[in-house]
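Below are the chains, spelled out letter by letter.
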Amino acid sequence: MGDELVSIVVPARDEERHIGDTLDALRAQDHPNFEIIVVDGGSTDGTVDVVKRHMVEDPRVQLQHNPKGITPISLNVAVAHARGQWLVRMDAHSTVDPGYVSAAVARLREGRWGGVGGRKDGVGTTPAGRAIAAALGSRFGVGGSVYHHGTAEREVDHIPFGAYPTQLVRDLGGWDPRLVTNQDFEFDHRLRQTGAKLLFDPRLRIDWLSKQSIGDLYRQYRRYGRGKVDVVRLHPRSLKPRHLLPPLLVPYLGVAALVWLRRPWRAAGMVAPYAAGLVAASVQTGRTLDRPGDRVFVPAAFVAMHVGWGVGVWSRVRDVLTGRASW
């Protein structure tokens, strides 16, 4: 026990600037027996060249290709080539400490968990990026996503970049190739339907390079909102009340904007509760940032997350109702 082969899988696309750091961190793992399977999703930059340089230096690194470029397909390609008893997923712009894989596998060996995941901490390299990383650690920003802000070990309904028994992943059929986003949540939902449990262990920490501009964050959360609609189409019971808050906020703010044209004070009263929460959360989150220039981006980060998600939900609902959805 202790030296079972672990397959670390990394879907990647246009990650030339960051995948080198990811592979450095993975190659430094203290687990005695592992392979690293990078699946390139049709990169147009130098991602493949970076991976090949690592392959020359370390035979544990291998490269597979997914010309369709969709993350769940890349993950399934990796699963098809995985030889390990355990499967650990990692993002191509993330880093972990040397004990991450061995610690995750140790929890899986307990036999109580179908999947194990840790805390995903955002990393910012620009003023807006640092504000975004801080906002991602706020309950006001991400709600019940425990892996962004949790500090205590607990059973959860979703884990980031999970570690799983490889055979369980295969038994579940891998990740759903129809889902461009939210495929991890959908996979974890199916896993839990089998009776398996998911563990959040905050000692497993992932440094994740989050978006570095408010515009990119908005577009990311818009994709997340669209993806949530597709997950709900597949699994209606996965929908929880907290998932409805951003979609309800968007039309509410829209109505308030119309009211403003004739009754500004009434409109101000309508948005006051959200505005008060936004200010309080921004002040609290801003205290975690050392630079005043970073703090000014915190309110915009929260709004981008909430409005982006809500707009994404409604745009996908429109596609479904008008027959424009692909499935």
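Here goes a summary of the coordinates provided. Treat the numbers as computed from the prediction; the structure is a model and nothing was measured.

1. Overview of the overall build of the protein
So, point 1. Scanning the protein from terminus to terminus reveals 14 helices and nine strands.
So, point 2. Radius of gyration (C-alpha) of the protein: 21 Å, near the 20 Å computed for a compact globule of 327 residues.
So, point 3. Reported as C-alpha extents along the three principal axes, the dimensions of the protein are approximately 70 × 45 × 40 Å.
So, point 4. Partitioning the contacts of the protein with sequence separation of at least 6, the portion at a separation of at least 24 is 80%.
So, point 5. Counting 43 positive and 33 negative side-chain charges, the protein places the centres of these two groups 11 Å from one another.

2. Observations concerning the pattern of salt bridges
So, point 1. Per the counting criterion, the structure on display carries 27 salt bridges.
So, point 2. Ionic pairing is found between D121 and R205, a salt bridge with its closest N-O pair at 3.5 Å. Of this pair, D121 sits in strand β6 (residues 115–123) while R205 sits in strand β9 (residues 198–209), placing them 84 residues apart in sequence.
So, point 3. Residue D121 is classed as buried on the basis of its relative accessible area of 16%.

3. Considerations on a nonpolar patch on the surface
So, point 1. On the surface, L239, L244 and L248 cluster together into a nonpolar patch covering about 260 Å² of accessible area.
So, point 2. Secondary-structure assignment places L248 in helix α11 (residues 245–260).
So, point 3. Judged by its relative accessible area of 53%, L248 is exposed.

4. Quick look at the nonpolar core
Nonpolar side chains tend toward joint burial in soluble globular proteins.
So, point 1. One finds V6, I8, I19, I36, V38, M90 and Y100 to be the most contacted residues of the largest nonpolar core, which totals 54 residues.
So, point 2. Take this core: its biggest share by element is seven residues, from helix α14 (residues 298–321).
So, point 3. I36 has contacts with I8, V10, L23, L26, R27, R60, V61 and Q62, leaving out every residue within four places of it along the chain.
So, point 4. Counting 23 residues, the second-largest nonpolar core is a separate cluster that includes I37, Y164, V169 and L198.

5. Some details on the packing of helix α1 (residues 19–27) against helix α2 (residues 47–57)
So, point 1. Between α1 and α2, the least distance of the axes is 10 Å, while the angle of their chain directions is 25 degrees. Between α1 and α2, the interaxial angle falls into the category roughly parallel. As for how α1 packs across α2, the hand of that crossing is right-handed. Of the residues in α2, those touching α1 at I19, G20, L23, D24 and R27 are T47, V50, V51, H54 and E57.

6. Observations concerning the packing of helix α10 (residues 214–234) against α14
So, point 1. In contact at an axis separation of 6 Å, α10 and α14 are set at 40 degrees when each is read in the N-to-C sense. Considering their axes alone, α10 and α14 lie oblique with respect to each other. Handedness of the α10/α14 crossing: right-handed.
So, point 2. Looking at the contact of α10 with α14 residue by residue, the classes come out as 16 nonpolar, four polar and seven charged.

7. Thoughts on unusual backbone geometry
So, point 1. One non-glycine residue, F161, lies in the positive phi region at around 45 degrees.
So, point 2. Among the secondary structure elements, F161 is positioned in the loop between β7 (154–156) and β8 (163–165).
So, point 3. The phi dihedral of N182 falls on the positive side, at around 65 degrees, and the residue is not glycine.
So, point 4. Its place among the elements puts N182 in the loop between α8 (166–171) and α9 (183–193).

8. Thoughts on a negative patch on the surface
So, point 1. A grouping of D14, E16, D45 and D49 is seen on the molecular surface, where their side chains present a negatively charged patch.
So, point 2. Inspection of the secondary structure puts D14 in the loop between β1 (6–12) and α1.

9. Here's the deal with the side chain of T47
So, point 1. Mapped onto the secondary structure, T47 falls in helix α2.
So, point 2. A relative accessible area of 1% places T47 in the buried class.

Rules used throughout
Sequence order sets the numbering: in each chain, residues are counted from 1 along the sequence as written. Only residues with pLDDT of 70 or above have their local features reported here, since the model is predicted, and side-chain atom pairs are shown and tallied only from 80 upward, although totals for entire chains, interfaces and linings are computed over all residues. As a convention, hydrogens and water are excluded, and side-chain values are obtained from all of the structure's heavy atoms. Per the convention used, a helix needs a DSSP run of H or I reaching at least four residues, while a strand needs a run of E reaching at least two, with both numbered from the N terminus. Between the two quantities, the radius of gyration covers C-alpha atoms and the globule rule is 2.2 Å times the number of residues to the power 0.38. A contact between two residues is defined here by any heavy atoms of the two lying within 4.5 Å. Working convention for charge: Lys and Arg count positive, Asp and Glu count negative, and His plus the chain ends are omitted. Just so you know, the charge point we use is NZ for Lys, CZ for Arg, CG for Asp and CD for Glu. The salt bridge definition used is simple: a Lys or Arg side-chain nitrogen within 4 Å of an Asp or Glu carboxyl oxygen. To sort residues, take the accessible area from a 1.4 Å probe on protein chains only and compare it with the maximum for the residue type: under 20% means buried, over 50% means exposed, and anything in between is partly exposed. Patch rule: a residue counts if its relative accessible area is over 30% and it has no salt bridge; like charges are joined within 9 Å, and nonpolar side chains (Val, Leu, Ile, Met, Phe, Trp, Tyr) within 5 Å. Calculation of accessible area relied on Shrake-Rupley with a 1.4 Å probe; when residues are assessed, cover is drawn exclusively from the protein chains displayed. To form a nonpolar core, buried Ala, Val, Leu, Ile, Met, Phe, Trp, Tyr and Cys residues must be joined to one another through side-chain atoms within 4.5 Å. Fitting a line to C-alpha atoms yields each axis, with helices limited to the stretch in contact; the angle taken between N-to-C directions then spans 0 to 180 degrees. In these notes the angle categories are as follows: under 35 degrees is roughly parallel, over 145 is roughly antiparallel, 65 to 115 is roughly perpendicular, and the rest is oblique. A clockwise turn of the near helix away from the far one marks a right-handed crossing, whereas an anticlockwise turn of less than a right angle marks a left-handed crossing. Amino acid classes used here: Ala, Val, Leu, Ile, Met, Phe, Trp, Tyr, Cys and Pro are nonpolar; Asp, Glu, Lys and Arg are charged; the rest, including Gly, are polar.

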